[in-house]
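# Notes for the structure review
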There are 2 protein chains.
Amino acid sequence: MNDTEPSAVPWLSADEQRAWRAFVRVHLKLSARMAADLQSHSGLSSADFEVLVAVTDVSEGRVRFQDLAKDLDWEQSRLSHQIRRMIKRDLVAREECEEDGRGAYVAISEHGRAVIEAAAPRHVRVVRRLVLDGLTAEEFAELGRLSAKLSDQIDRVETA
Amino acid sequence: MNDTEPSAVPWLSADEQRAWRAFVRVHLKLSARMAADLQSHSGLSSADFEVLVAVTDVSEGRVRFQDLAKDLDWEQSRLSHQIRRMIKRDLVAREECEEDGRGAYVAISEHGRAVIEAAAPRHVRVVRRLVLDGLTAEEFAELGRLSAKLSDQIDRVETA
DNA sequence: CGAATATAGATGATGTGACAACTAGTTCGG
DNA sequence: CCGAACTAGTTGTCACATCATCTATATTCG
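Note that the structure is a prediction, hence the values are computed from the model and not measured.

Analysis parameters
Residues numbered from 1 in each chain as written. Chains lettered and ligands numbered in written order. Predicted model: local features only at pLDDT ≥ 70, side-chain atom pairs only at ≥ 80, totals over all residues. Heavy atoms only, no water. Helix = DSSP H or I, 4+ residues; strand = E, 2+ residues; numbered from the N terminus. Rg over C-alpha atoms; globule rule 2.2 N^0.38 Å. Buried < 20%, exposed > 50% of the residue type's maximum accessible area, 1.4 Å probe, protein only. Contact = heavy atoms within 4.5 Å. Areas by Shrake-Rupley, 256 points an atom, 1.4 Å probe, with all protein chains shown as cover. Salt bridge = Lys/Arg side-chain N within 4 Å of Asp/Glu carboxyl O. Near = heavy atom within 4 Å. Polar contact = N/O pair within 3.5 Å; in protein donor to acceptor, adjacent residues only side chain to side chain. Nonpolar A, V, L, I, M, F, W, Y, C, P; charged D, E, K, R; others polar. Expected span 1.5 Å × (residues − 1). UniProt positions renumbered as here; feature names shortened; annotations may be inferred.

In terms of regular secondary structure, chain A is built from six helices and three strands. Mapped in sequence order, the helices and strands of chain A form the string α-α-β-α-α-β-β-α-α. Taking 2.2 N^0.38 as the reference for a compact globule, 160 residues should give roughly 15 Å; the C-alpha atoms of chain A span a radius of gyration of 20 Å, well beyond that estimate. When the backbone C-alpha atoms are referred to their principal axes, chain A occupies close to 65 × 40 × 25 Å. The burial tally for chain A puts 44% of its 160 residues in the buried class. At a minimum sequence separation of 6, the contacts of chain A that also span at least 24 residues come to 51%. A total of about 9000 Å² of accessible surface is found on chain A, and carbon and sulfur atoms cover 50% of it.

Attention shifts here to the pattern of salt bridges. Enumeration over the complete set of coordinates arrives at 26 salt bridges over all chains. A salt bridge links B:Arg62 to B:Glu98; the nearest nitrogen and oxygen atoms lie 3.7 Å apart. On the criterion of sequence distance, the pair formed by B:Arg62 in strand S1 (residues 62–64) and B:Glu98 in the loop between strand S2 (92–96) and strand S3 (104–108) is long-range, its members being 36 residues apart. Residue B:Arg62 is classed as partly exposed on the basis of its relative accessible area, which comes to 24%. With relative accessibility at 59%, the residue B:Glu98 sits in the exposed group. Where B:Arg94 meets B:Glu96, a salt bridge forms, and the shortest distance between an N and an O atom there is 3.4 Å. Shared partners join several salt bridges into a network, and the residues in it are A:Glu139, B:Glu142, B:Arg145 and B:Lys149.

Here we take up the protein's contact with DNA strand C. Around DNA strand C, a shell composed of 20 residues is seen, among which A:Ser77, A:Arg85, B:Gln66, B:Ser80 and B:Arg94 lie nearest. In DNA strand C, atoms within 4 Å of the protein come 67% from sugar and phosphate. Residue A:Arg85 places a side-chain N or O atom 2.4 Å away from a phosphate oxygen belonging to DNA strand C. Between DNA strand C and A:Gly101 there is a distance of 2.8 Å, counted from a phosphate oxygen to a backbone nitrogen or oxygen. Top element by residues in the surface near DNA strand C is helix H4 (residues 76–88) of chain A. It accounts for five residues. In terms of residue class, the surface near DNA strand C is built from two nonpolar, 10 polar and eight charged.

Residues and elements named next belong to chain A. Its place among the elements puts Glu99 in the loop between strand S2 (92–96) and strand S3 (104–108). Overall, the relative accessible area of 56% leaves Glu99 in the exposed class. One polar contact links Glu99 to Tyr105, side chain to side chain, over a distance of 3.0 Å.

A few words on helix H2 (residues 46–57) of chain A. Over its 12 residues, H2(A) extends 16 Å from the first C-alpha to the last, a length consistent with the 16 Å expected when each residue adds 1.5 Å. Those residues of H2(A) lying buried are A:Ala47, A:Asp48, A:Phe49, A:Val51, A:Leu52, A:Ala54 and A:Val55.

This paragraph deals with the protein's contact with DNA strand D. Taken together, 21 residues form the shell around DNA strand D, and within it A:Gln76, A:Ser80, A:Arg94, B:Ser45 and B:Arg78 come nearest. Near the protein, within 4 Å, the atoms of DNA strand D are sugar or phosphate in 65% of cases. At a separation of 2.8 Å, a phosphate oxygen of DNA strand D approaches a polar backbone atom of B:Gly101. Listed by contribution, the elements that provide at least two residues to the surface near DNA strand D are helix H3 (65–72) and H4 of chain A together with helix H4 (76–88) of chain B. When grouped by side-chain class, the residues that make up the surface near DNA strand D number two nonpolar, 10 polar and nine charged.

We now examine the UniProt feature "domain: HTH marR-type" (unreviewed entry) in chain A. According to UniProt, the positions carrying the feature "domain: HTH marR-type" (unreviewed entry) are residues 16–152 of chain A. Between the C-alpha atoms that bound residues 16–152 of chain A the distance is 20 Å, and the span itself is 71% helix and 9% strand.

Okay, structure coming up:
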């Protein structure tokens, strides 16, 4: 496994590989756990939850598709499919846009607001138990800092 | 962000929230980027890639479904569907199991081996450019350490 | 042995996500 | 104002994930 040839691309060292795998794994585990908890206790998928949070985040209680897609960093078509499904469950409603005939708003429904308000406290509790309680405040801050740095790096680098 | 209704939902402190969001976001970005790169340059999905890596990782070039599912931490049915699709594309083959009439092996195909060997170097390059190059060695090691610690925490905590 | 039970894996239904093609409304250059 | 280019959002298709259910073989135990 000691491939010290001067090839164009050095493989990862054992330590690097361990770190990389741990990094990948923790996200998979975490998102699986949180999604399962959310689903079983609130009947919401992670996607549902994200949408509801984003829509309730604005005071008007409704957002243009465009803006919502940008907030969530989702493709428009994904959002469109997602909203269609959420409308069927009366979590949000679609409202026509007066200023632009092409446009539309996604608006929180009464039921949707009730659901997200019921779900949020538990969600926070789960985040605390799974993540914050496992690290010191300094470690968690450092994790955030490294994540942000990495995020910038990813935005900066072209891979095409 | 506008906070017209602050009290209904106990959220995280502003710093905690920033860290948490950065942590979640970086995973989403990273997996999206890597999946897109893999797909466009090798014609493989992340799932395909994982399977091929796992199968070529063993010297025999074939693994029992059970063991593979365990390695990948996948549900059996997910693996079954995935392998069916991969067989259709001649990336792997199914081999009967002599010792256990119920069992089966997933075996790497010639074509599958060629594909994964062609894909791997670029994959490593992308990991380096997106992740390793953005952090110092110490930072990366710390990220790995924190990830592992978090992973343990997640395994330890019940959320049911 | 032979019935109950456990195990390996497959399958069908359903919901989700990415991508490309599409429709309809808007803007802009002439 | 008219048509070309642009923009907002929708839709179809296929890959993927989960769940419940199903088949066939193995094992266990009376």
